[in-house]
Amino acid sequence: MKSKLESIKGKAVREVKACTDLKELDNFRIKYLGKKGELTAILRSMGELSPGERPVVGKLVNELKDYIEDVLAKQKEMIEKTAREERLKKESLDVTVPGRKPLRGKRHPLTKTLDEIKEIFLGLGFSVVEGPEIEYAYYNFTALNIPEEHPARDLQDTFYISSAVENDDIVLRTQTSPMQIRTMERQKPPIRVIVPGKVYRSDDVDATHSPVFHQIEGLVVDKGITLGDLKGTFDLFVKQLYGEDVVTKFRPHHFPFTEPSAEIDVMCYMCKGEGCRVCKGSGWIELSGAGMVHPRVLERCGIDSREYTGWAFGMGLDRITTRKYGIEDLRLLFENDIRFLRQF
Ligand SMILES: [Zn+2]
């Protein structure tokens, strides 16, 4: 009996060491210590032994049972420790691995220029308003004193969407100026607004032309507003946009909706008037059309032109942007090529 117990012990030790997970270990426990296990079987068969043998064998079996329970517990601990270590290894973070950089968006150069210009005018007490890109011919032309026979109304210049809706043509606005009318219809003076937005003209696409481009309109109406106010405001604006030493020059011009009208040139901010590539050697850059709001335009909006005067300007955001960033092809602004946009 003793040698049988010895051989069980040896077998049990080999088997417990071969267990690599808790399931195998549990099978091992059932095999030796379970109700139908080998040691239990021996204890059950004790009745067949002589009374003298019983306590001796009983003691040996119980010692073996304790021993097996002990090696079982030790093996269990080892398996759990190994599992814990492996889990930790899997979960561990290498803090020295370089992080993944999220793709960050950037503002489009047009938006950057517009934000800069908005900021300047907001600082001067202007507010920003926006209007519809699909517009009645009345707002785009008629109310702005542009007569029926004016070439600007021509199909060659203007995209017509439909004709004679509510007795008026519908067009894609060719300028942001219709918002002068909409603003004056809605709001009584004092008025001080800028209007940024897309405008459309029937142009072919090339490096300097696009059928869609961006304008900023400015409008001021109040009592006692003069051309001097326009000049003062514009000088302040270009100094903030281009630098303190930049000056403006007004050239007489004609627009149907302003009287008198002017083209505003700004001294080239690159060469300071010397002449360079940006200004094509002239030392000056054409910046904006402007003038005193035509009394007929004010009257049409129900504003008494004897009491109130105003000035307005309109300028192209795309040209300002391409010159500012040295972009040689206007089309790049509209293609949204990420490689191009990343540069700003
Ligand atoms: Zn220049």
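For the structure given in this document, a descriptive report is provided here. Along each chain, the written sequence defines residue order, and numbers are assigned to residues from 1. Reporting of local features is limited, given that this is a predicted model, to residues whose pLDDT is at least 70; pairs of side-chain atoms are given and counted only at 80 or more, and all residues count toward the totals for whole chains, interfaces and linings. Side-chain figures throughout are based on the complete set of non-hydrogen atoms in the structure, without hydrogens or water.

**Thoughts on the packing of helix H1 (residues 2-18) against helix H4 (residues 53-91)**
So the rule is basically this: To get an axis, a line is fitted to the C-alpha atoms, and for a helix only the part in contact is used. The angle between two axes follows their N-to-C directions and goes from 0 to 180 degrees. Segments assigned H or I by DSSP are reported as helices when at least four residues long, segments assigned E as strands when at least two residues long, and all are numbered from the N terminus. To sort the angles, those under 35 degrees are grouped as roughly parallel, those over 145 as roughly antiparallel, those from 65 to 115 as roughly perpendicular, and the leftovers as oblique. By definition in these notes, contact holds between two residues if any of their heavy atoms fall within 4.5 Å. Note that Gly is not counted as nonpolar here; it falls among the polar residues with everything else outside the nonpolar set of Ala, Val, Leu, Ile, Met, Phe, Trp, Tyr, Cys and Pro and the charged set of Asp, Glu, Lys and Arg.
Viewed as axis vectors pointing N to C, H1 and H4 meet at an angle of 5°, and their least axial separation amounts to 10 Å. Judged by the inter-axis angle, H1 sits roughly parallel to H4. Contacts between H1 and H4 involve Lys2, Leu5, Ile8, Lys9, Ala12, Val13, Val16 and Lys17 from the first element and Leu60, Val61, Leu64, Tyr67, Ile68, Val71, Leu72 and Gln75 from the second. Looking at side-chain class alone, the contact of H1 with H4 contains twelve nonpolar, one polar and three charged residues.

**Observations concerning the coordination of the zinc ion**
Geometry reference: four tetrahedral donors at a metal, ideal angle 109.5 degrees. Six octahedral donors, ideal angles 90 or 180 degrees. The test is simple: Because water is not among the atoms used, a metal site may look incomplete, as its donors are only the N, O and S atoms within 2.8 Å, or 3.2 Å for Na, K and Ca. Donor angles set the geometry label: tetrahedral for four donors if every angle is between 85 and 135 degrees, square planar for four and octahedral for six if opposite donors exceed 155 degrees and the others are between 65 and 115, irregular for anything else.
The zinc ion binds to the protein through Cys268 (SG), Cys271 (SG), Cys276 (SG) and Cys279 (SG), with metal-donor distances spanning 2.2 to 2.3 Å. In this structure, the zinc ion is coordinated by four donor atoms arranged in tetrahedral fashion, with angles at the metal of 102 to 114°. Here the donor residues of the zinc ion are spaced in sequence according to C-x2-C-x4-C-x2-C. Separated by eleven residues along the polypeptide, cysteine 268 in the loop between strand E8 (258-267) and strand E9 (284-293) and cysteine 279 in the loop between E8 and E9 bring together distant segments of the chain.

**Observations regarding a positive patch on the surface**
Our working definition: Surface patches are defined over residues having more than 30% relative accessible area and no salt bridge, joining like charges when they lie within 9 Å and nonpolar side chains (Val, Leu, Ile, Met, Phe, Trp, Tyr) when within 5 Å. All accessibility values rest on the Shrake-Rupley procedure with a 1.4 Å probe; residue burial counts only the protein chains present in the view. By definition here, a salt bridge exists when the distance from a side-chain nitrogen of Lys or Arg to a carboxyl oxygen of Asp or Glu is within 4 Å. Think of it this way: Lys and Arg go in the positive column, Asp and Glu in the negative one, and His and the chain ends go nowhere. Here the site of a charge means NZ on Lys, CZ on Arg, CG on Asp, or CD on Glu. Accessibility here uses a 1.4 Å probe with only protein chains present; expressed as a share of the type maximum, an area under 20% marks a residue as buried, one over 50% as exposed, and anything in between as partly exposed.
Taken together, the side chains of Lys101, Arg104, Lys106 and Arg342 present a region of like positive charge at the surface. Structurally, lysine 101 can be placed in the loop between H4 and helix H5 (109-123). Residue lysine 101 is classed as exposed on the basis of its relative accessible area of 79%.

**Describing unusual backbone geometry**
Here the bond from proline 189 into proline 190 is cis, since omega is 5°, no more than 30 degrees from zero. For proline 190, the position within the fold is in the loop between helix H7 (178-186) and strand E5 (191-200). Proline 260 follows glutamate 259 through a cis peptide bond whose omega is -5°. Along the chain, the position of proline 260 falls in strand E8. Positioned with a positive phi, asparagine 145 is a non-glycine residue whose angle comes to about 70°. Mapped onto the secondary structure, asparagine 145 falls in the loop between helix H6 (137-140) and strand E3 (160-165). Notably, asparagine 336 is not glycine yet its phi reads approximately 55°, a positive angle. Secondary-structure assignment places asparagine 336 in the loop between helix H11 (332-335) and helix H12 (338-341).

**Remarks on the side chain of glutamine 180**
Tracing the chain through its elements places glutamine 180 in helix H7. Since its relative accessible area comes to 2%, glutamine 180 is described here as buried. Apart from the residues lying within four places of it in its own chain, the contact partners of glutamine 180 are Leu144, Glu217, Leu219 and Ala312.

**A word on the side chain of glutamine 175**
Counted only if it meets this: Any pair of N or O atoms that falls within 3.5 Å is considered a polar contact. Within protein, one atom must be able to donate a hydrogen and the other to accept it, and sequence-neighbouring residues count only if both atoms are side-chain atoms.
Secondary-structure assignment places glutamine 175 in the loop between strand E4 (168-172) and H7. Take glutamine 175: its relative accessible area is 8%, and that puts it in the buried class. Of note is the side chain of glutamine 175, whose polar atom sits 2.9 Å from the backbone oxygen of asparagine 140. A distance of 3.4 Å separates the side chain of glutamine 175 from the side chain of serine 177, its partner in a polar contact. Not counting the four nearest positions on each side in its chain, glutamine 175 is found in contact with Asn140, Leu144, Ile146, Val199, Arg201, Gln215 and Phe257.

**Observations concerning the pairing of strand E10 (residues 309-316)**
Stated formally: Strands were regarded as paired on the criterion that DSSP finds at least two bridges between them.
Pairing of strand E6 (residues 212-222) with E10, which is carried by eight bridges, proceeds in the antiparallel orientation. If you follow valine 220 over to E10, its bridge partner there is tryptophan 311. Sheet topology places E9 next to E10; five bridges connect them, and they run antiparallel. Bridge pairing links serine 288 to methionine 315 in E10.

Any link to function would need more than the numbers given here.
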